[in-house]
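# Examining the three-dimensional arrangement
One letter stands for each residue in the lines below.
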Amino acid sequence: MIFQYAFFQNAVIAGILAAIACGIIGSYVVVKRLVFISGGISHAAFGGIGLGLFLGYNPLFTAIIFSVISSSILGVISKKTYQREDTLIGAMWAIGMAFGIFMIYMTPGYIIDLSSYLFGNILTVSRIDIYIMIFLNTIIVLIIFIRYNEFLAFSFDEEFSEVTNVPVLKIYIILLSLVALTVVVLVSVVGIILAMALLTLPAATASIFTNSLKRIIALSTLIGISYMLLGIGMSFLLNQPSGATIVLVSGTSYLGILGIKSLIKK
Amino acid sequence: MKNEIITIENLSFDYGDHRVLENINLKIHDDDFVGIIGPNGSGKSTLLKIILGLLTPTEGRVLLFNKTPKEGRRYVGYVPQYAHIDRNFPISVEQVVLSGRIGHTDFLRRYSKIDRDIAENVMKIMGILDLKNTQIGKLSGGQFQRTLIARALSTEPKLLLLDEPTANIDPQAETNFYDFLQKLSEKMAIILVTHDTGAISSHVKTICCINKTLYYHGEKSISPDLFEKLYGCPVELIGHGIPHRVLKEHED
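Structure report, in brief. (Residues numbered from 1 in each chain as written. Chains lettered and ligands numbered in written order. Predicted model: local features only at pLDDT ≥ 70, side-chain atom pairs only at ≥ 80, totals over all residues. Heavy atoms only, no water.)

### Focus on the overall build of chain B
Helices and strands together make up the secondary structure of chain B, namely seven helices and eleven strands. With 252 residues in all, chain B has 54% of them scored as buried. Of the contacts formed within chain B by residues at least 6 apart in sequence, a portion of 63% connects residues at least 24 apart. Approximately 11600 Å² of chain B is accessible, and the part contributed by carbon and sulfur atoms is 49%. (Helix = DSSP H or I, 4+ residues; strand = E, 2+ residues; numbered from the N terminus. Buried < 20%, exposed > 50% of the residue type's maximum accessible area, 1.4 Å probe, protein only. Contact = heavy atoms within 4.5 Å. Areas by Shrake-Rupley, 256 points an atom, 1.4 Å probe, with all protein chains shown as cover.)

### Things to note about the packing of aromatic side chains
All names here are of chain A. Summed over all chains, the structure comprises 13 aromatic pairs over all chains. Measuring from ring centre to ring centre gives 6.1 Å for Tyr28 and Phe151, while their planes differ by 70°; the resulting arrangement is edge-to-face. Taken together, the residues span a long stretch of sequence, with Tyr28 in helix α1 (residues 6-31) and Phe151 in helix α7 (residues 148-156) at a distance of 123 residues. Phe151 matches Tyr28 in its accessibility class, with the two residues each being buried. Three or more aromatic residues joined by ring pairs make a cluster, and in this case those are Tyr5, Phe7, Phe8 and Phe236. (Phe/Tyr/Trp six-rings, centres within 6.5 Å; stacked < 30°, edge-to-face > 60°.)

### Describing the pairing of strand β3 (residues 33-37) of chain B
All names here are of chain B. In terms of burial, β3 is largely enclosed, as five of its five residues are buried. Along β3, one buried face is formed by Phe33, Gly35 and Ile37 and the opposite face, lined by Val34 and Ile36, is buried too. Pairing of β3 with strand β7 (residues 189-194) involves five bridges; the strand directions are parallel. Bridged to Val34 within β7 is Ile191. For β3 and strand β8 (residues 206-211), the ladder comprises four bridges, and the chain directions are parallel. Note on β8: the bridge partner recorded for Val34 is Thr206. (Pairing = 2+ DSSP bridges.)

### Looking at the packing of α7 of chain A against helix α9 (residues 168-187) of chain A
Residue and element names in this part refer to chain A. The interhelical angle for the contact between α7 and α9, taken along N-to-C directions, is 100°, at an axis separation of 11 Å. The orientation of α7 with respect to α9, classified from their angle, is roughly perpendicular. Across from Glu150, Phe151 and Phe154 in α7, the residues of α9 making contact are Val168, Ile171, Tyr172, Ile174 and Leu175. Residue classes in the contact of α7 with α9 are distributed as seven nonpolar, no polar and one charged. (Axes fitted to C-alpha atoms, helices over the stretch in contact; angles between N-to-C directions. Parallel < 35°, antiparallel > 145°, perpendicular 65-115°, else oblique. Nonpolar A, V, L, I, M, F, W, Y, C, P; charged D, E, K, R; others polar.)

Listed below in structure tokens is the structure:
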């Protein structure tokens, strides 16, 4: 039976851990409309992966540092200057990726399989990757739930929150950093380029059914886990890459549910 | 005893190279009910943001309750422009109103019994208590407006600051709304910012007229002729229930 293999167990565990991070942070990405900035953060994280490969460290580890720093810089710049935010995001998106590719080609020795970082390969998830994912999930859960009310007030109305002396810039940077951590959790599952799908689709599906943020978070975690397991299972059966299969399962499920829902409404 | 709650001295503000506000001097007292009027793009929203400490003036000085705006704003209940808020956001009326208490919460930002009582009380005052579990997207324009005012009142303000509050409510609701504000103005100072000069002037005590700089500040009962000669502010003023079409565009 396939469940006996360690690589398959790791794949399932990694899928579930990724679904938890996406359920929580993806809900904020969707309701606060951070989709584009999250795209920038996830692509820029590739710079961190390239750096890690070049320096000979675990690329997830360098991706954490690199993407948290780059998302914080982006947060500060977008709030403190009159620059157009989307232009900055686009710049960071491309520069991060270019830097990653540059570093990888500078790396001496063997040719690195780029596609496993870009599109994910859940079957190569190692024990250490799992520990890193557990660590990141713990941080995400703690930060979001300890001051849940503050994140809710901030996400709903930043300006009013600022007037009531909520430290909005700090919270914005923390939220972007948590997006960065979630992207790192997703790297081995679906990769940098497909990370956006799992940051948006489970939460978008959940928000079809409920309009309370807490319930969106809970439901999108469960939906995310189902998408993951279904995707992993199908990728085995069809012998297709896991990342792409998970994303296709998520996307078609979301569109299908959306379609059914709007048919029922009529 | 009248206390000065807002003091603005020689205030100017630039957005990049563009001067939005120029040399504004203004004093507002704790018993005031002021309408700040001016056309779109006159800088009145910018002035409001400066008062709230959301923007820093390029020149001049602003005091809010004798403190810097960032310190003084805890006494201000702010009602933002309705259109700036995402009505699809998954949040209930009660959660919106409670969020007015966030500045009073503990380290973990949990709402206490007192916070919940205050929120319940203001929801009762605003007549939205039975909607407390409703998601804001399902409210009518007037109900949502009252939710935003309830949130501002839950901060227990000494000054209520409203930005374009009547933009989305029908004329009947608008009259009721002004009556309500009038009653409220016995308990706190009120500043109302609007480009709509129809109904406002028959309700507020004083008017501030802004178009880049302050054109007029004083009693609304000033005669239209004098008003035109002295200030040339492009507004339509209604005094004593009789509409007077006042004034053409002032010259720059």
